[in-house]
Amino acid sequence: MGDKGAGPSRIVAYSSEQDVEGQVTLAMPPGKKMDHLGIRVKFFGRIDMEGGAHETTRPSHYDFISLSKELLPPGSLYDTRHIPFTFRNIEKNHESYHGRNVSVKYFVRVEVQRQWLPDITQEHEVLIRIRGHEPSVNEPIKMEVGIEDCLHIEFEYERRCFHLKGVICGKIHFLLVRIKIKHMELAVIRRETSGEGVAMSAGNHSHNNNNIIAGTTTTGSHANTEIQNIVTETQTLLKYEIMDGAPVKGEVIPVRLFLEGIPADVTPTYHAENHGFSVRYFLNLVLVDEEDRRYFKQQEIILWRKDLG
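What counts as what
Residues numbered from 1 in each chain as written. Predicted model: local features only at pLDDT ≥ 70, side-chain atom pairs only at ≥ 80, totals over all residues. Heavy atoms only, no water. Helix = DSSP H or I, 4+ residues; strand = E, 2+ residues; numbered from the N terminus. Buried < 20%, exposed > 50% of the residue type's maximum accessible area, 1.4 Å probe, protein only. Contact = heavy atoms within 4.5 Å. Core = buried A, V, L, I, M, F, W, Y, C linked by side-chain atoms within 4.5 Å. Pairing = 2+ DSSP bridges. Polar contact = N/O pair within 3.5 Å; in protein donor to acceptor, adjacent residues only side chain to side chain. Salt bridge = Lys/Arg side-chain N within 4 Å of Asp/Glu carboxyl O.

Observations regarding the environment of I189
In step 1: Here I189 shows up in strand β15 (residues 181-195).
In step 2: Relative accessible area serves as the criterion here: at 6%, I189 is assigned to the buried category.
In step 3: Distance from I189 to Q299, taken between C-alpha atoms, is 9.9 Å for residues 110 residues apart in sequence.
In step 4: Sequence-distant contacts of I189, defined by excluding residues within four places in its chain, comprise T234, Q235, T236, R280, Y281, F282, N284 and Q298.

Structure, rendered in structure tokens:
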């Protein structure tokens, strides 16, 4: 089974406004016959919640779309049949998403119902992309942060909201340097939060203070935390060094990061989708001193989809 002109190994992408259409091919070997109780094509939109607290707080999946159409009434198949289908005017409110604990999937399923034998089924996933709108308010980010009497820096980014193929431009000013800095890194972090109370969690975990946090980070690009009924998965999508060597007072470090160059599937920001999960993105600025102590500051950015490609 596949979309018109597409092989079954491909995943077809649609915008949220498009009708989902394709063609079902039912092939019988020459001289063979198969009796059936009807053949149907179904279209599903499903949110899957996996692992951790989700096992006790809600069902493992939730179908927010479930449609069905009859392709053939009960009868017999003798030869190959090609049957087109179309699901029109479907309200597709969620974009396809494949996360670590959460996924949003759309798929077409064909079912051949039989009386004494198991049904024959085949599924084919389709991707849904939702074109967003540029936020009406997109102010620059400008914040002075530091450690009292040791380090003061001011970081500035041209805006807070970026489309998925945009460029993050900014600069970092060193206003006071009394720590022997070895190098500085900038990382893009994705934070997937799922479970009951996601909307409240998003508000409680905002990073709005003006202090640089000193501490250590775990090795690897993923971290998982579970608090009550909420599971949070943090993934470092990209990390690169933007300064090597000790800075001096008054030094300015430019920042230019191409989102399209991130070697991961970057999605728009999701805010409490279906009250079950959120996906947020952060810029993580890390300074490492000569004793390998790490000082970091996170700033949330908002991502949105401008083009469907």
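Here's the deal with the nonpolar core
For soluble globular proteins, nonpolar side chains are generally found buried alongside one another.
In step 1: Counting residues in hydrophobic clusters, the biggest one holds 66 residues, and the most contacted among them are F43, I172, F174, M184 and L287.
In step 2: Excluding its chain neighbours within four sequence positions, the residues that come into contact with F43 are V20, I65, S66, L67, F87, I90, K92, Y106, F107, V108 and V126.

Regarding the pairing of β15
In step 1: In terms of residue burial, β15 counts as a mostly covered element, since 14 of its 15 residues are buried.
In step 2: With 13 bridges joining them, β15 and strand β21 (residues 277-289) adopt antiparallel strand pairing. Within β21, the residue paired with A187 across the bridge is N284.
In step 3: Both β15 and strand β18 (residues 230-244) contribute to a ladder of 13 bridges, which runs antiparallel. Residue pairing for β18: S194 is matched across the bridge by V231.

With respect to the pairing of strand β12 (residues 151-157)
In step 1: Among the seven residues in β12, five count as buried, and that is most of the element.
In step 2: Hairpin geometry of strand β11 (residues 141-147) and β12 is characterised by an intervening segment of three residues between the two adjacent antiparallel strands and by a positive phi of about 60° at D149.
In step 3: Here β12 runs beside strand β14 (residues 167-177); their pairing, made up of seven bridges, is antiparallel. Bridge assignment links E154 to a residue of β14, and that residue is H173.

Re the environment of Q18
In step 1: Relative to the helices and strands, Q18 resides in the loop between β1 (12-15) and β2 (20-26).
In step 2: In sequence terms Q18 and I90 are 72 residues apart; their C-alpha atoms lie 8.3 Å from each other.
In step 3: Within the local environment of Q18, its side chain forms a polar contact with the backbone nitrogen of S15, the two atoms lying 2.8 Å apart.

Quick word on the pattern of salt bridges
In step 1: Within the structure shown, the criterion is met by 14 salt bridges.
In step 2: The salt bridge involving E95 is made with R129; its shortest N-O contact spans 4.0 Å. Of this pair, E95 sits in the loop between β7 (81-87) and β8 (97-98) while R129 sits in strand β10 (residues 120-129), placing them 34 residues apart in sequence.
In step 3: D289 serves as the salt-bridge partner of R293, at 2.8 Å between the closest nitrogen and oxygen.
In step 4: Judged by relative accessible area, which is 43%, R293 ranks as partly exposed.

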